[in-house]
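Reading the structure
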Amino acid sequence: MPGLAPAFPVDVAAPRPMQDLSEPVTLPAGAVLFEEGAIGHSAYLILSGRIAIFQRRDGGESVLGRRGAGELFGEMAILDALPRSAGVRAEEDCVLVPVGAAQIRQRLAGADPILRLCLEGLIARFRETLPRLGPAVAGSRPAALSPAARADFDATVAALAQERALRRALAQDEFALFLQPIVRLATGRLAGFEALIRWHDPERGLVPPAAFIPAAEASGLIVAITAWVIGEIGRIVPPILQAGLQAPASVETSLFVSFNVTAQDLARSDIPGLIDAMLRRTGIAPGALKLEITESTLMQDPAGAAAALARCRAAGLGIAVDDFGTGYSSLSHLSALPITTLKVDRAFVRAMLAEPRDRRIVQTILRLAEEIGVAAVAEGIEGRAEAEALAAMGCALGQGYHFGRPMPQADALAAAAAWDALRWRCGPAELADSGRQGAHGARI
Ligand code: C2E
Ligand code: CA
Ligand code: CA
């Protein structure tokens, strides 16, 4: 081994910024990849071969460890941006895949602050206890928390407090489902409601979902929250459907209630089973319910989502893709999913009247929905002009503050009982239509 180290270590990915970091690199037996004290630009996955991790002290060299195929090395310096605490030499011809510091940092930036803080603590502790830290790294450790780590610390304390509060909210039944009307634009009749969660926090009052759903997703509590939502749907939907049946002139007989689920719900809990048990318990017809799942969520794990959605669809539920147009979906994925409804994101609806480009996007989505035989719901309709423009473009259903804000169950019951279809009608009377059959044979 002595004498094999080249004059310049070859930390392969570092000196060549244009190189594709995911490309494997070869390292001949005996070559030094990097030395102690070097700035770390990459960690490495070993596809084949074997490396030794070494330190030179007092003219001698000690091997601290060896890594072989399927293992990772060099990760510490890229995580904390401090100099390498040891060098690495190939003991055999190696094929390595570099994992760039920039790639890691990009992922860490999007990670939960609790994860980032733990990682930072772990690395700091590890460096502290490395008994053989050499002069190259001595004194280079930050004396106190960096501003970024301080921000993570504060965010972590807040996230843990929120997680505690959410657990309490579940235990003490502090959530409520509000209902927002969905209207058939041509006739003005009430077609359904979307159930939207609210949190009655005793300290903060009514908290909107944007303030706690992300934390619930990060902590995994979303699964328990969705189970609560499904139970609550079972409780509040029968009286709503009943109220609708009393007013057939202004409420569609196929009145539905949709509710939101996440990718995590589909992956981690038996959503179809939970819904099935709730339907059996309550006697709600499956066609009266619709799952809403965002387009970006669907794209996270299309295959995983497809299986659960197929079971729900087979049981008779509608499946709506939420926030459509914002999630970069692949149309081939969409065609594989048992979708019955596309919800046009409110960003396009809001900009539609002023921006011809947004209007064309809305038109394109509506045409796509028609081509694949699913219903379209335009979200975020705030004024009559938008509602009429959408009706003229052939959009079947609309939802937004124009027709009604999300409201407590008692108000939704009253709204269903006294719905005024004429007031909300956006098309000529001859377009009146009591609900059409979708391509999938269900009420959409
Ligand atoms: P979303 O599913 O896209 O729901 C529509 C959101 O747009 C609701 O906000 C609704 O109040 C709001 N909205 C409706 N009409 C208008 C309008 O005309 N103008 C404007 N500016 N906004 C309008 P909300 O209730 O705050 O919910 C926000 C998001 O939180 C929902 O977006 C959904 O992604 C999520 N969410 C709500 N309830 C649940 C739930 O039970 N489970 C899960 N996983 N997510 C939920
Ligand atoms: Ca939704
Ligand atoms: Ca939406």
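Residues numbered from 1 in each chain as written. Chains lettered and ligands numbered in written order. Predicted model: local features only at pLDDT ≥ 70, side-chain atom pairs only at ≥ 80, totals over all residues. Heavy atoms only, no water.

Taking an unreviewed UniProt entry as the reference, the protein is identified by name as Cyclic nucleotide-binding protein belonging to Methylobacterium oryzae CBMB20.

Each helix and strand counted, the protein has 16 helices and 17 strands in total. The proportion of buried residues among the 444 residues of the protein is 49%. Looking at the protein alone, contacts between residues at least 24 apart form 72% of all its contacts between residues at least 6 apart. For the protein, the exposed surface amounts to about 21000 Å²; the carbon and sulfur share of it is 57%. (Helix = DSSP H or I, 4+ residues; strand = E, 2+ residues; numbered from the N terminus. Buried < 20%, exposed > 50% of the residue type's maximum accessible area, 1.4 Å probe, protein only. Contact = heavy atoms within 4.5 Å. Areas by Shrake-Rupley, 256 points an atom, 1.4 Å probe, with all protein chains shown as cover.)

This next bit is on the environment of Cys-395. Looking at where Cys-395 falls in the secondary structure, it is placed in the loop between α14 (384-392) and β17 (397-399). Sequence spacing of Cys-395 and Val-344 is 51 residues, and the spatial spacing of their C-alpha atoms is 9.7 Å. Those residues in contact with Cys-395 that lie beyond four places of it in its chain are Leu-185, Leu-366, Ala-376, Val-377, Ala-378 and Leu-390.

The protein atoms that coordinate the calcium ion (ligand 2) are Glu-194 (OE), Asn-260 (OD1), Glu-292 (OE) and Asp-322 (OD), at distances spanning 2.1 to 2.3 Å. When the donor residues of the calcium ion (ligand 2) are listed from N- to C-terminus, their spacing reads E-x65-N-x31-E-x29-D. Here the calcium ion (ligand 2) and the calcium ion (ligand 3) are spaced 4.2 Å apart, with Asp-322 acting as a shared donor. A residue pair is termed long-range when its members are at least 10 positions apart, and Asn-260 in strand β12 (residues 251-260) and Glu-292 in strand β13 (residues 289-294) qualify at 32 residues. Its relative accessible area of 29% is what places Asn-260 among the partly exposed residues. The class of Glu-292 is buried, set by a relative accessible area of 1%. (Donors = N, O, S within 2.8 Å, 3.2 Å for Na, K, Ca; no water.)

It is the contact of helix α6 (residues 222-245) with helix α8 (residues 271-282), at a shortest axis distance of 9 Å, that shows an interaxial angle of 20°. It follows from the interaxial angle that α6 and α8 lie roughly parallel. The hand of the α6/α8 crossing is right-handed. Taken together, the residues of α8 that come into contact with α6 (itself represented by Thr-226, Ala-227, Ile-230, Gly-231, Ile-233 and Gly-234) are Ile-271, Leu-274, Ile-275, Met-278, Arg-281 and Thr-282. The class makeup of the residues in the contact of α6 with α8 is 7 nonpolar, 4 polar and 1 charged. (Axes fitted to C-alpha atoms, helices over the stretch in contact; angles between N-to-C directions. Parallel < 35°, antiparallel > 145°, perpendicular 65-115°, else oblique. Left-handed = near helix turned anticlockwise from the far one by under 90°. Nonpolar A, V, L, I, M, F, W, Y, C, P; charged D, E, K, R; others polar.)

Along the polypeptide, Asp-152 turns up in helix α4 (residues 147-171). Excluding its chain neighbours within four sequence positions, the residues that come into contact with Asp-152 are Pro-113, Arg-116 and Leu-117.

Further remarks concern the sheet that holds strand β8 (residues 94-100). Each strand in a sheet pairs with another by means of backbone hydrogen bonds, the pair being arranged parallel or else antiparallel. Reading across from one edge, β1-β8-β3-β6 is the order of the 4 strands in this open sheet, with antiparallel pairing throughout. With partners counted over all chains shown, the strands left at the sheet margins are β1 (25-27) and β6 (72-73), one partner each. Sheet topology note: the strand β3 (residues 42-48)/β8 ladder contains 6 bridges and is antiparallel. Bridging across to β8, Ser-48 finds its partner in Val-95. (Pairing = 2+ DSSP bridges.)

Take the coordination of the calcium ion (ligand 3) next. The calcium ion (ligand 3) binds to the protein through Asp-322 (OD), Asp-323 (OD), Glu-379 (OE) and Glu-379 (OE); the donor distances cover 2.2 to 2.4 Å. When the donor residues of the calcium ion (ligand 3) are listed from N- to C-terminus, their spacing reads D-D-x55-E. Accessibility expressed as a relative area gives 5% for Asp-322, which makes it buried.

Right, let's get into α8. Taking 1.5 Å per residue, 12 residues should reach 16 Å; α8 reaches 16 Å between its end C-alpha atoms and fits that length. Among the residues of α8, those classed as buried are Ile-271, Pro-272, Ile-275, Met-278 and Leu-279. The arc enclosing the buried residues of α8, seen along the axis, measures out at 130°, which places them on a common side. For α8, the exposed residues lying more than 90 degrees away from the buried face are Arg-280 and Arg-281. Against α6, β12, α7 (263-268), β13 and α10 (302-315) lie the buried residues of α8. (Expected span 1.5 Å × (residues − 1). Arc of directions from axis to C-beta.)

Residues in close proximity to ligand 1 total 21 residues, the closest being Arg-198, Asp-322, Arg-346, Glu-382 and Tyr-401. At 3.0 Å from a nitrogen atom of ligand 1 is found a main-chain nitrogen or oxygen belonging to Ile-197. One of the side-chain nitrogen or oxygen atoms of Asp-323 is found 3.3 Å away from an oxygen atom of ligand 1. Here ligand 1 has 790 Å² of accessible area as a free molecule, and 84% of this is covered by the chains. Contributing elements (two or more residues each) for the shell around ligand 1: β10 (190-201), α6 and β14 (318-324). Tallying contributions element by element places β10 first for the shell around ligand 1, with 4 residues. Looking at the shell around ligand 1 residue by residue, the classes come out as 9 nonpolar, 5 polar and 7 charged. (Near = heavy atom within 4 Å. Polar contact = N/O pair within 3.5 Å; in protein donor to acceptor, adjacent residues only side chain to side chain.)

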